[in-house]
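Below are the chains, spelled out letter by letter.
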Amino acid sequence: MNERDWSLDAEARPRPLILARRLWRALRIIGHLIAGVAEAAWRRAARDPHRPEILLAKQRWCLRLLAIMGVELRVHGALRGGPVFLVANHVSWLDIPVIAAARPCHFLSKAEVARWPVIGWLARSVGTLFIRRGAGESRAKAGEIREHLALGRGILVFPEGTTTDGTAVRRFFPQLFAAAEDAPVQTVAVRYRDAAGQVDRSLAFIDDDELHHHLWRLLGRERIVVDLTFGPPVPAAEPRERARLAREQIIASLG
């Protein structure tokens with residue numbers, strides 16, 4: 001199989017093959033979601049989602065999801081353990097299972113995710129934090145994240161506050177960086193690649209895209225390649241400067 005075979009847009013491939021792939025993967029994902037709900041309920045994850053066994057179960061679940069979707073995950077750099085404030089550029093909802101598959105941690109997500117059927121319940125059960133965009137909650141969330149870091153937990157945020165098409169990194173909002181005054185900050189650069197090694201903009205979850213439409217498109221792909229690059233510690237500084245340094249480090253990692 002040559003590189004061009006898998007990089008073709010799904011709509012350009014023979015429709016019966018694409019439809020069969022989508023339906024087969026959709027059925028497997030439904031089963032995987034049911035299994036995730038059952039395991040979360042059996043382990044009583046919501047009672048204490050910060051237990052190591054819950055983090056490891058989430059990592060296994062995400063790895064299996066990536067396998068079902070044909071995602072090839074490439075991890076670069078050293079993953080820092082213990083309490084760490086992780087910051088990443090944001091391209092797609094797929095970023096979350098991709099990062100969780102590589103490094104067990106908790107996420108700060110937009111409040112809308114909590115209302116997604118099944119997925120919202122699972123996210124809450126495994127300790128996801130939620131923030132309402134534009135509601136002035138950043139200061140309170142920074143305090144909540146600071147408490148988690150003090151307890152030795154890893155928390156990941158997307159400081160752009162939205163998704164992009166992967167060709168650029170927006171300005172980082174600095175307010176949440178106040179949570180990391182006494183904790184290390186590590187960057188995670190996320191890049192989806194096409195067959196030529198360039199940015200694959202078709203993976204972006206942007207504008208008025210809806211989850212089920214976006215997922216249906218991805219299920220037709222033969223494979224998806226994503227690079228995660230974990231950077232060195234971001235130097236200590238006041239929140240605005242640290243946000244700037246983190247953004248520059250991610251831009252450098254993306255090349």
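Each value, and the rule that gives it
- Residues numbered from 1 in each chain as written.
- Predicted model: local features only at pLDDT ≥ 70, side-chain atom pairs only at ≥ 80, totals over all residues.
- Heavy atoms only, no water.
- Salt bridge = Lys/Arg side-chain N within 4 Å of Asp/Glu carboxyl O.
- Helix = DSSP H or I, 4+ residues; strand = E, 2+ residues; numbered from the N terminus.
- Buried < 20%, exposed > 50% of the residue type's maximum accessible area, 1.4 Å probe, protein only.
- Expected span 1.5 Å × (residues − 1).
- Arc of directions from axis to C-beta.
- Contact = heavy atoms within 4.5 Å.
- Axes fitted to C-alpha atoms, helices over the stretch in contact; angles between N-to-C directions.
- Parallel < 35°, antiparallel > 145°, perpendicular 65-115°, else oblique.
- Left-handed = near helix turned anticlockwise from the far one by under 90°.
- Nonpolar A, V, L, I, M, F, W, Y, C, P; charged D, E, K, R; others polar.

**Here we look at the pattern of salt bridges**
- This model, assessed by the stated rule, comprises 14 salt bridges.
- The residue R223 makes a salt bridge to E72 at a minimum N-O spacing of 2.5 Å. Pair noted here: R223 is in the loop between helix 7 (211–219) and strand 7 (224–230) and E72 is in strand 1 (residues 71–76), with a separation of 151 residues, a long-range link.
- Taking the relative accessible area as the measure of exposure, R223 reaches 27% and is therefore partly exposed.
- When its relative accessible area of 27% is taken as the criterion, E72 is described as partly exposed.
- Where R221 meets D200, a salt bridge forms, and the shortest distance between an N and an O atom there is 2.7 Å.

**Some remarks on helix 8 (residues 239–254)**
- An ideal rise of 1.5 Å per residue puts 22 Å on 16 residues; helix 8 measures up with 23 Å between its terminal C-alpha atoms.
- Every buried residue of helix 8 is accounted for by R242, A243, A246, Q249, I250 and L254. On an axial view of helix 8, the arc spanned by its buried residues comes to 135°, and they lie on one face. Among the exposed residues of helix 8, those oriented more than 90 degrees off its buried face are R240 and A252.
- Among the structural elements, strand 2 (84–88) and strand 6 (185–193) are those in contact with the buried residues of helix 8.
- Residue G255 follows helix 8 closely and has a positive phi angle near 75°.

**Considerations on the packing of helix 3 (residues 52–69) against helix 4 (residues 95–102)**
- The geometry of helix 3 relative to helix 4 is characterised by a closest axis approach of 8 Å and an angle of 125° between their N-to-C directions. Taken together, the axes of helix 3 and helix 4 lie oblique to each other. Between helix 3 and helix 4 lies a crossing whose hand is left-handed. Note on element contacts: helix 4 touches helix 3 through P97, V98, A100, A101 and A102, opposite Q59, C62, L63, L65 and L66.
- Looking at side-chain class alone, the contact of helix 3 with helix 4 contains nine nonpolar, one polar and no charged residues.

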